[in-house]
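The primary structure of each chain is shown beneath.
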Amino acid sequence: IRQADEPASMSLVPNPAQNSARIDYVTGGSATTVRIEVLDMTGRLISSYETANAAGSWQLPLDNYSPGVYLVVLKENGKVALQSKLSIIR
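Residues numbered from 1 in each chain as written. Predicted model: local features only at pLDDT ≥ 70, side-chain atom pairs only at ≥ 80, totals over all residues. Heavy atoms only, no water.

1. Here we look at the sheet that holds strand 2 (residues 20-26)
Item 1. Strand order across the open sheet formed by 3 strands is 1-2-5, with antiparallel pairing between neighbours. The open sheet has two free edges, formed respectively by strand 1 (9-13) and strand 5 (55-61), since each of these has just one partner strand. Going across the sheet, the axis of each strand differs from the next one's by a mean of 15°, ignoring polarity.
Item 2. In the sheet, strand 1 pairs with strand 2 via 5 bridges, with the strands oriented antiparallel. For V13, the partnering residue across the bridge sits in strand 2 and is R22. (Pairing = 2+ DSSP bridges. Helix = DSSP H or I, 4+ residues; strand = E, 2+ residues; numbered from the N terminus. Axes fitted to C-alpha atoms, helices over the stretch in contact; angles between N-to-C directions.)

2. A short note on the sheet that holds strand 4 (residues 45-51)
Item 1. Across the sheet, which stays open at both edges, the 4 strands sit in the order 4-3-6-7 with antiparallel pairing between neighbours. Looking at which strands have only one partner, the edges of the open sheet turn out to be strand 4 and strand 7 (79-88). Strand-to-strand twist in this sheet, taken as the mean axis angle between neighbours without regard to direction, amounts to 15°.
Item 2. Where strand 3 (residues 34-39) meets strand 6 (residues 68-76), 6 bridges bridge the pair, whose relative direction is antiparallel. Directly across from R35, in strand 6, lies its bridge partner K75.

3. Some points on the environment of Q83
Item 1. By the secondary structure assignment, Q83 is in strand 7.
Item 2. Note: C-alpha distance between Q83 and T32 (51 residues apart in sequence) is 19 Å.
Item 3. Ignoring sequence-local partners within four residues, the contact set of Q83 consists of M10, L71, V72 and V73. (Contact = heavy atoms within 4.5 Å.)

4. Quick look at unusual backbone geometry
In most cases, non-glycine residues show a negative phi, while peptide bonds are predominantly trans.
Item 1. In this chain, V13 is followed by P14 through a cis amide linkage whose omega measures -15°.
Item 2. Mapped onto the secondary structure, P14 falls in the loop between strand 1 and strand 2.
Item 3. The phi dihedral of N77 falls on the positive side, at around 50°, and the residue is not glycine.
Item 4. By secondary structure assignment, the location of N77 is in the loop between strand 6 and strand 7.
Item 5. Given the relative accessible area of 39%, N77 is considered partly exposed. (Buried < 20%, exposed > 50% of the residue type's maximum accessible area, 1.4 Å probe, protein only.)

5. Observations regarding the pattern of salt bridges
Item 1. A full pass over the atoms with the stated rule returns 4 salt bridges.
Item 2. A salt bridge links E50 to R35; its shortest N-O distance comes to 2.3 Å. Residue E50 is found in strand 4, and its partner R35 is found in strand 3; the two are separated by 15 residues along the sequence.
Item 3. For R35, a relative accessible area of 28% puts it in the partly exposed group.
Item 4. With its nearest N and O atoms 3.1 Å apart, the salt bridge here joins R44 to D40. (Salt bridge = Lys/Arg side-chain N within 4 Å of Asp/Glu carboxyl O.)

Next comes the structure, spelled out in structure tokens:
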């Protein structure tokens, strides 16, 4: 059982990635909505995933992504909790 004051965490596996990446996340515990967004380096939203689960995984297929660096953002209740960079190589 997680405590509400525990910090959120997120990991991107593998990183750098080629064909797909798994985003494992755990929220701080008090989130009612959780959204993971993938943005390009200009800030354009590429894809997003929304769930009510406080922890889980999202398998992200990378077939339609160009090689480069992307920003993965974990939002809790609409506020940014964490962000991390994902490198895509071919």
